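The chain contents come next:
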Amino acid sequence: LLHKLSEGEFYIEWMAVSAEARGQGAGKRMLEFCEEQARARGGKVLTLGVVNGNPARRLYERFGFVEKKRGACANCCTTVTISLLFGMPHGQIGAVIMEKQLVYLHDSEQSGH
């Protein structure tokens, strides 16, 4: 695990869709399953790492993930580690951590939304 978890965080370690199944909703269904599992266990945030240039990032953004802001040292370490492990699978170096805050109905009710 290249990512240290915080309390209430659920991390998607690995997710892939075969070329034949892309564009048919498989990725969205996997993300929905992951979110359901995190919510069932009281998760506060769902996170994943995505290699720079990976077209799946658009799916993650549509699903509500945003890039997690991190310091320069963390970004540098991630870039070096990903580059050593995977090279440049999508023509770019490095990766980012993305997160989706899990809001529960009772949270919205308490805040007046």
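None of these values were measured; they are calculated from a predicted model.

The rules behind these values
Residues numbered from 1 in each chain as written. Predicted model: local features only at pLDDT ≥ 70, side-chain atom pairs only at ≥ 80, totals over all residues. Heavy atoms only, no water. Helix = DSSP H or I, 4+ residues; strand = E, 2+ residues; numbered from the N terminus. Buried < 20%, exposed > 50% of the residue type's maximum accessible area, 1.4 Å probe, protein only. Contact = heavy atoms within 4.5 Å. Areas by Shrake-Rupley, 256 points an atom, 1.4 Å probe, with all protein chains shown as cover. Core = buried A, V, L, I, M, F, W, Y, C linked by side-chain atoms within 4.5 Å. Pairing = 2+ DSSP bridges. Axes fitted to C-alpha atoms, helices over the stretch in contact; angles between N-to-C directions. Phe/Tyr/Trp six-rings, centres within 6.5 Å; stacked < 30°, edge-to-face > 60°. Lys NZ or Arg CZ within 6 Å of the ring centre and 35° of its normal. pLDDT = per-residue confidence, 0-100.

Which residues make up the overall build of the protein, and what values do they have?
The helix and strand inventory of the protein stands at four helices and four strands. Secondary structure of the protein in N-to-C order comes out as β-α-β-α-β-α-β-α. Out of the 113 residues belonging to the protein, those deemed buried represent 28%. Once local pairs closer than 6 in sequence are excluded, the contacts in the protein between residues at least 24 apart make up 76%. Within the structure as shown, the protein displays about 7600 Å² of accessible surface, and the carbon and sulfur contribution to it stands at 57%.

Got a sec to walk through the nonpolar core? Specific residues and values, please.
The biggest cluster of nonpolar side chains holds 14 residues, and the ones touching the most others in it are L31, L48, Y60, F65 and M98. Of the residues forming this core, the biggest block, three residues, is contributed by strand β2 (residues 45-51). When neighbours within four sequence positions are excluded, M98 is seen to be in contact with L46, T47, L48, V50, R57, Y60, E61, F65, V66, E67 and K68.

Tell me about the sheet that holds strand β3 (residues 66-67), residues and numbers included.
Strands pair in a sheet through their backbones, by hydrogen bonds, and they do so in one of two ways: parallel or antiparallel. Pairing in this open sheet of four strands is mixed, and the strands run β1-β2-β4-β3 from one edge to the other. Two strands close off the open sheet at either side, each with one partner strand: β1 (9-12) and β3. Of the pairings in the sheet, the one linking β1 to β2 comprises four bridges and is parallel in character. Residue pairing across strands places I12 opposite L48, the latter belonging to β2. On the sheet, helix α1 (residues 26-40) packs against β1, β2 and β4 (95-101) and is oriented at approximately 145° with respect to β2.

Could you give me a rundown of the packing of aromatic side chains, with the residues and numbers involved?
A complete count under the given rule lists two aromatic pairs for this structure. An angle of 65° between the planes, with centres 6.2 Å apart, marks the rings of Y60 and F65 as edge-to-face. A connected cluster of aromatic rings, assembled from ring pairs, spans Y60, F63 and F65. Positioned above the aromatic ring of Y104 is the side chain of R39, whose terminal nitrogen or guanidinium carbon lies 5.0 Å from the ring centre. Between the NZ or CZ atom of K100 and the centre of the ring of F63, over which it lies, the distance is 4.0 Å.

How would you explain the confidence of the model for the protein if you had to name every residue and give the values?
Averaged over all residues, the pLDDT of the protein equals 83, while 81% of them reach at least 70. A low-confidence stretch, residues 109-113 (pLDDT under 50), is modelled with one contact involving residues beyond four sequence positions or located in other chains.

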